[in-house]
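Each chain is listed here by its residues.
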Amino acid sequence: MTTMTDTALATQVYQVFIKATPEQIWDAITKPEFISKYFHGAQVDSTFEPGATYKSYSPDRSKLWVDAEVYESDPPRRLQHSWRSLYDEESADEPPSRVTWEIEPSDGGTSLLTVTHDQLEASPKTAVGVSGAGWMLVISGLKTLLETGQPMLG
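Residue positions are given per chain, counted from 1 along the sequence in the order it is written. Per-residue local features of the predicted model are confined to residues with pLDDT of at least 70, and side-chain atom pairs are confined, for both listing and counting, to 80 or more; whole-chain, interface and lining totals are unaffected and use all residues. Side-chain measures were taken over the full set of non-hydrogen atoms in the model, leaving aside hydrogen atoms and water.

Focus: the nonpolar core
Then, in step 1: By size, the foremost hydrophobic cluster in this structure holds 33 residues, and its most contacted members are Ile-29, Tyr-38, Phe-39, Trp-101, Leu-113, Trp-135 and Leu-142.
Then, in step 2: Going along the chain from the N terminus, every DSSP run of H or I of four or more residues is numbered as a helix, and every run of E of two or more is numbered as a strand. At the level of elements, β1 (12-18), α2 (22-30), α3 (32-38), β4 (64-74), β5 (78-83), β6 (97-105), β7 (111-118) and α6 (133-148) are the ones that each hand at least two residues to this core.
Then, in step 3: With five residues, α6 is the largest single contributor of residues to this core.
Then, in step 4: Other than its neighbours up to four places away in sequence, Leu-113 contacts Tyr-14, Gln-15, Val-16, Ile-18, Ile-25, Trp-101, Glu-102, Ile-103, Ile-139 and Leu-142. Working definition of a nonpolar core: buried Ala, Val, Leu, Ile, Met, Phe, Trp, Tyr and Cys residues. They are joined through side-chain atoms within 4.5 Å. When a residue's accessible area, from a 1.4 Å probe over protein chains only, is under 20% of the maximum for its type it is buried; when over 50% it is exposed; and in between it is partly exposed. By definition in these notes, contact holds between two residues if any of their heavy atoms fall within 4.5 Å.

Some thoughts on the pairing of strand β3 (residues 53-57)
Then, in step 1: Two strands pair under a simple rule: DSSP has to find at least two bridges between them. Note: strand β2 (residues 43-45) against β3, three bridges, orientation antiparallel. Considered in β3, the bridge of Val-44 is made with Ser-56.
Then, in step 2: Where β3 lies against β4, five bridges are found, and the strand directions are antiparallel. Residue pairing across strands places Tyr-54 opposite Ala-68, the latter belonging to β4.
Then, in step 3: Where β3 hands over to β4, the hairpin turn is made up of six residues, of which Arg-61 adopts a positive phi near 65 degrees.

Thoughts on the pattern of salt bridges
When the charged atoms of two side chains with opposite charge come close together, those side chains can pair.
Then, in step 1: Salt bridges are identified by distance alone: a Lys or Arg side-chain nitrogen within 4 Å of an Asp or Glu carboxyl oxygen. Scanning the model with the defined rule gives eight salt bridges in all.
Then, in step 2: Here Glu-72 and Arg-78 are joined by a salt bridge, their closest N and O atoms 2.8 Å apart.
Then, in step 3: Residue class for Glu-72 comes out partly exposed when judged on its relative accessible area of 32%.
Then, in step 4: The structure contains a network of salt bridges with shared partners spanning Lys-55, Asp-67 and Arg-84.

As for a nonpolar patch on the surface
Then, in step 1: Surface patches are defined over residues having more than 30% relative accessible area and no salt bridge, joining like charges when they lie within 9 Å and nonpolar side chains (Val, Leu, Ile, Met, Phe, Trp, Tyr) when within 5 Å. In this description, accessible areas are obtained by the Shrake-Rupley approach with a 1.4 Å probe, and a residue is regarded as covered only by the protein chains that are shown. On the surface, a cluster of nonpolar side chains totalling about 250 Å² of accessible area is made up of Leu-137, Met-152 and Leu-153.
Then, in step 2: With respect to the helices and strands, Leu-137 occurs in helix α6.

Regarding the side chain of Thr-100
Then, in step 1: Structurally, Thr-100 is set in strand β6.
Then, in step 2: For Thr-100, a relative accessible area of 5% gives the class buried.
Then, in step 3: There is a polar contact of 2.8 Å between the side chain of Thr-100 and the side chain of Gln-80.
Then, in step 4: With residues near it in sequence (within four places) discarded, Thr-100 still touches Arg-78, Leu-79, Gln-80, Thr-114, Val-115 and Thr-116. In the analysis that follows, any N or O atom pair within 3.5 Å is treated as a polar contact, provided that within protein one partner can donate a hydrogen and the other can accept it, and provided that, for residues neighboring in sequence, both atoms belong to side chains.

From the geometry alone we can't say anything about function, so treat these as descriptive.
What follows is the structure, given as structure tokens:
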């Protein structure tokens, strides 16, 4: 049975203006040394080329958190990859969903970052896990890091 809440969570869209160039945002979402500073300490391995794997590990690399594949890579405008949440046992059994990062230059030295997490219809536990504070904390941390040079947390 699908409820209105399930449907609303199946496609999640988050947007934020960041005082940074598209190239700076691209680097922040594709360079492991940046990613670990705003994405829960995650250690990410990927070339970010179409067809490449995207693996995210716990800070000490003892646990695989996300196992995914890069679908599209158009620097510095668009990155799309699958998403399998392995950090939670219940969501680990769900099929992959999809994350799309879109970067658009704007006025005054800012850029608009849009993160869309969709294809979550068959992955309700993942949908709840990434909703609300899940993605918002990551995106806010990314914005803070780029604008201040300092991590938001920690």
